[in-house]
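The lines below spell out each chain.
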Amino acid sequence: MQDLLGDDPGKSLGGAGVDRWVSSVCGYCGTGCGVLVGVKDGQAVAVRGNPAHPTNQGKLCLKGIYQWKALHHPERATRPMVRRGTELREAGWPAAMEEVASHMRAALAEGGPDAVGIYHGGQLLLEEYYALHKLAKGFLGTPNIDANTRLCMASAVAGYVRTFGSDGPPGCYEDLDTSHLVFLFGSNPAEMHPQLWRRILRNRQKNAAGLVVADPRLTLPARVADLHLKLRCGTNIPLLYGLLHVLISEGMTDQGYIQRFTDGFSDLAREAAQYPPERVAGLTGVPAGQVVEAARLFGTSPTAVTLFCQGVNQSVQATDAVTLINALHLVTGKVGRPGCAPFSLTGQASSLSMREVGGGGSLPGFRNPANPAHREQVARAWGVEVNLLPAFTRDITAMLEEIEAGRLQVLWVIGTNPAVSLPHQERVRRLLDRVFLVVQDVYYPVETAAFADVFLPGAQWGEKTGTMANSERRVNLVVRAVNPPGEARDDLSIIRELAHRLGAGNLLPWRGAEEVFNEFKDLTRGRPNDMSGISYQRLATVGGLQWPCPAGDHPGTPRLYTGGRFATAEGTAQGFGDFNHPEGKARLWAVPYDPPPEAPDARYPFWLNTGRVIEHYHTRTKTGRVPELNRLAPEAFVELHPADAARLEIAQGELVRVVSRRGQIEVTARITEGVSPGEVFVPFHFGEPEPVAPKRCRAANHLTAAVTDRFSAQPLLKVAACRLEKT
Ligand code: SF4
């Protein structure tokens, strides 16, 4: 691991004799590291960390260093393709686009706006998201638009909105440098956000910052933590209540802050009183003494940051868990000041941008489509009839149900790979096969394209210019360094051409990405994510700006909610109805604990936990094509405890079958004490080379269930029951 965090590994990995270095931002995780892309003879030949960028000060992790290798891969898609019989055959752009447009027109004529849908990735540029959502909501009028961010941070969004009134991580990375305590709850930044882990380690080294980890697995952070709360899968809620119980019963709360700036404390305290540490120990497996110790560390620490990620967002009652994490900080007054924040880490480079423009069921500027005033504001800005804007949007799980019911006829998938990433793969693939499917991606083959009727080759990171916001709300400029290969086009021009063919050209009139950004930022004026003071010119010179940034000379805002001012008042709030609070106080929610919908039993005796490894990203469409990363992590596996391996007579490296109620996979056994007895872990990155009729399944999502969180509609990808069999 130390090698991954070295001083500047990028220096030793190419870059000699490049023609020019292009300043940009890493296209992988939501950390948003500044990079310099080395270009020689029109090709990217190196990437190194940008020493002037405030996020990473010149450092990069493995994925960032090698990402230039994914640009010029022989499997880059260079020509559109259209299905003829059982085959996709190369076609010109006009023919391919007309194939898409004609099917959309026919579907709209027959089934109305509900007959078309869009499902896109979280690595596009803000400008592309904005164009896509304007086309979908302002012209097609369809509620069927969602992003794969539904799988990773929808619950963080819903939790922030329910507590604070608006989306937006309240803290900043500087808090990791100075906080007295870092609490990692369902987050493993050593593998998922390595440059943030480096900052945490530096804080521990320089300032002796405390580190507490809540995770069912013995991750690297858990190994070096002061305290590891090794909870059972699916028990975040009782553990959080246990911590609140101790904080409240031992008087470690800030009653002045609670009274002035929050609402709902008495209900929360009443619920927390039901969770004394001894009961929590029985529910979670965390010894009562550790629950008390963790609460005391948190309560007595002058400052604390809680970083949370998929261990919360993809687990049982995820939105509720986010509101309880927020509550830990609110009842102790640890919000809106240096070193204090409940901080959601985003997995994808621009997923926060997607949220800002209206993904995840909102409208641009963190507006709510259910709020008539917000709908009116957007309709007026777009010059469209207000009734055209859908009052709600469907998440991807609901869109699959629409396909199953025969109502959704055309699905446009952009930059994401649902034939690996969505739960209950057998059903997903059956439904992808049923709908008229347009796949827009940068590589071919890619698993989802096996079901495509039309394939459109897109440009990727390094080949287009626009903006992306990272986890600390920092808007960065991403700069085109090289041209896309062959006939591949950037997504914005593809979206605009389709809009033109459908008759919506006037709605998307821009000549380039900067004009899109300028239109969008005007829609954020006065909103919680006000970006009206940000311009491409400023971004090119300052290394990113954190919103809100309401004026051209505003320096950006490192922390939200300083002084206890929250976004819950009606009009301001992204929430609508019972989310709002007339005085703008933060909301504390008392939530009941519901046990997981599926738990181990006699037939399926193991907890199944799915997740990531440091070498790969998503479904490996990029990292699987980087030889250095693939060599380090070439194969899917299942982690199981030595005691379970001995009982089942499974040897290290043996091919084993993992079976759930929905499907099965065959992967190699990795025997480790990193998981507890009775629990197994499978990485979700791997798909099958022949997804239509796989010879050997290895995608973790053959096993997972399409059960979703009741507020966020995020699937519970981290909690299922399974069994192991020898093959
Ligand atoms: S930490 Fe994230 S943003 Fe930074 S180099 Fe690694 S993958 Fe890229």
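Residues numbered from 1 in each chain as written. Predicted model: local features only at pLDDT ≥ 70, side-chain atom pairs only at ≥ 80, totals over all residues. Heavy atoms only, no water.

**Student:** Any chance you could explain the overall build of the chain here in plain terms?
**Tutor:** When helices and strands are tallied, the chain shows 25 helices and 26 strands. Projecting the C-alpha coordinates of the chain onto the three principal axes gives extents of approximately 70 × 60 × 60 Å. The burial tally for the chain puts 68% of its 727 residues in the buried class. Partitioning the contacts of the chain with sequence separation of at least 6, the portion at a separation of at least 24 is 72%. As presented, the chain carries roughly 23700 Å² of accessible surface, and 50% of it is formed by carbon and sulfur atoms. For the chain, the distance from the average position of its 76 positive side-chain charges to the average position of its 74 negative side-chain charges is 2 Å. (Helix = DSSP H or I, 4+ residues; strand = E, 2+ residues; numbered from the N terminus. Buried < 20%, exposed > 50% of the residue type's maximum accessible area, 1.4 Å probe, protein only. Contact = heavy atoms within 4.5 Å. Areas by Shrake-Rupley, 256 points an atom, 1.4 Å probe, with all protein chains shown as cover. Lys, Arg positive; Asp, Glu negative; His and termini not counted. Charge placed at Lys NZ, Arg CZ, Asp CG, Glu CD.)

**Student:** Just to check I follow, could you spell out the packing of aromatic side chains for this structure?
**Tutor:** Counted under the stated rule, the structure contains 17 aromatic pairs. Here Y173 and F343 contribute two aromatic rings whose centre-to-centre distance is 6.1 Å and whose plane-to-plane angle is 15°, an arrangement assigned as stacked. Note that Y173 is positioned in the loop between α4 (154-164) and α5 (174-178) and F343 in strand β13 (residues 341-344), a separation of 170 residues in sequence. The same class applies to Y173 as to F343, namely buried. Among the aromatic residues, those joined into a cluster by ring pairs are Y160, F164, F308, Y561 and F566. (Phe/Tyr/Trp six-rings, centres within 6.5 Å; stacked < 30°, edge-to-face > 60°.)

**Student:** Any chance you could explain the environment of R232 here in plain terms?
**Tutor:** Within the secondary structure, R232 is located in the loop between β10 (227-229) and α9 (236-249). Residue R232 is classed as partly exposed on the basis of its relative accessible area, which comes to 36%. In this structure, the C-alpha to C-alpha distance between R232 and T727, residues 495 residues apart in sequence, is 28 Å. Setting aside its immediate chain neighbours within four residues, R232 contacts G282, L283, T284, G285 and E679.

**Student:** How should I be thinking about the site of the ligand in this particular structure?
**Tutor:** Contacts to the ligand come from C26, Y28, C29, T31, G32, C33, L60, C61, G64, P194 and Q195. Per-class residue counts for the shell around the ligand are seven nonpolar, four polar and no charged. (Near = heavy atom within 4 Å. Nonpolar A, V, L, I, M, F, W, Y, C, P; charged D, E, K, R; others polar.)

**Student:** Could you clarify how one ought to interpret the domain arrangement of the chain in this entry?
**Tutor:** It is common to report an interface's size as the accessible area lost on association of the parts. According to the domain assignment, the chain contains domain 1 (2-70), domain 2 (81-152 + 349-546), domain 3 (170-345) and domain 4 (606-726). Each of domain 1 and domain 2 has a C-alpha centre, and these two points are 28 Å apart. Listed by partner, the interface residues are 25 residues for domain 1 and 18 residues for domain 2. Taking both partners together, domain 1 and domain 2 bury about 1400 Å²; carbon and sulfur atoms supply 55% of that area. On the domain 1 side of the interface with domain 2, the three residues burying the most area are V25, G30 and A70, jointly 27% of the side's total. Remark: the boundary between domain 1 and domain 2 carries zero salt bridges. Linking domain 1 to domain 2 there are ten residue pairs in polar contact (both at pLDDT 80 or more). Per-class residue counts for the side of domain 1 that touches domain 2 are 13 nonpolar, eleven polar and one charged. (Domains from an automatic or database assignment. Buried area = accessible area lost by both parts, 1.4 Å probe. Salt bridge = Lys/Arg side-chain N within 4 Å of Asp/Glu carboxyl O. Polar contact = N/O pair within 3.5 Å; in protein donor to acceptor, adjacent residues only side chain to side chain.)

**Student:** Help me out: how do you make sense of the sheet that holds strand β2 (residues 34-40) in this one?
**Tutor:** Think of a sheet as strands paired side by side through backbone hydrogen bonds, with each pair either parallel or antiparallel. With antiparallel pairing, the three strands of this open sheet are ordered in space as β1-β2-β3. Of all the strands in the sheet, the pair left with one neighbour each is β1 (20-25) and β3 (43-49). Between one strand and the next, the sheet's axes are offset by a mean angle of 30°, whatever the strand orientation. As defined by bridge partners, β2 adjoins β3 across six bridges and the pair is classed as antiparallel. From the neighbouring strand, V35 faces β3, where its bridge partner is G49. (Pairing = 2+ DSSP bridges. Axes fitted to C-alpha atoms, helices over the stretch in contact; angles between N-to-C directions.)

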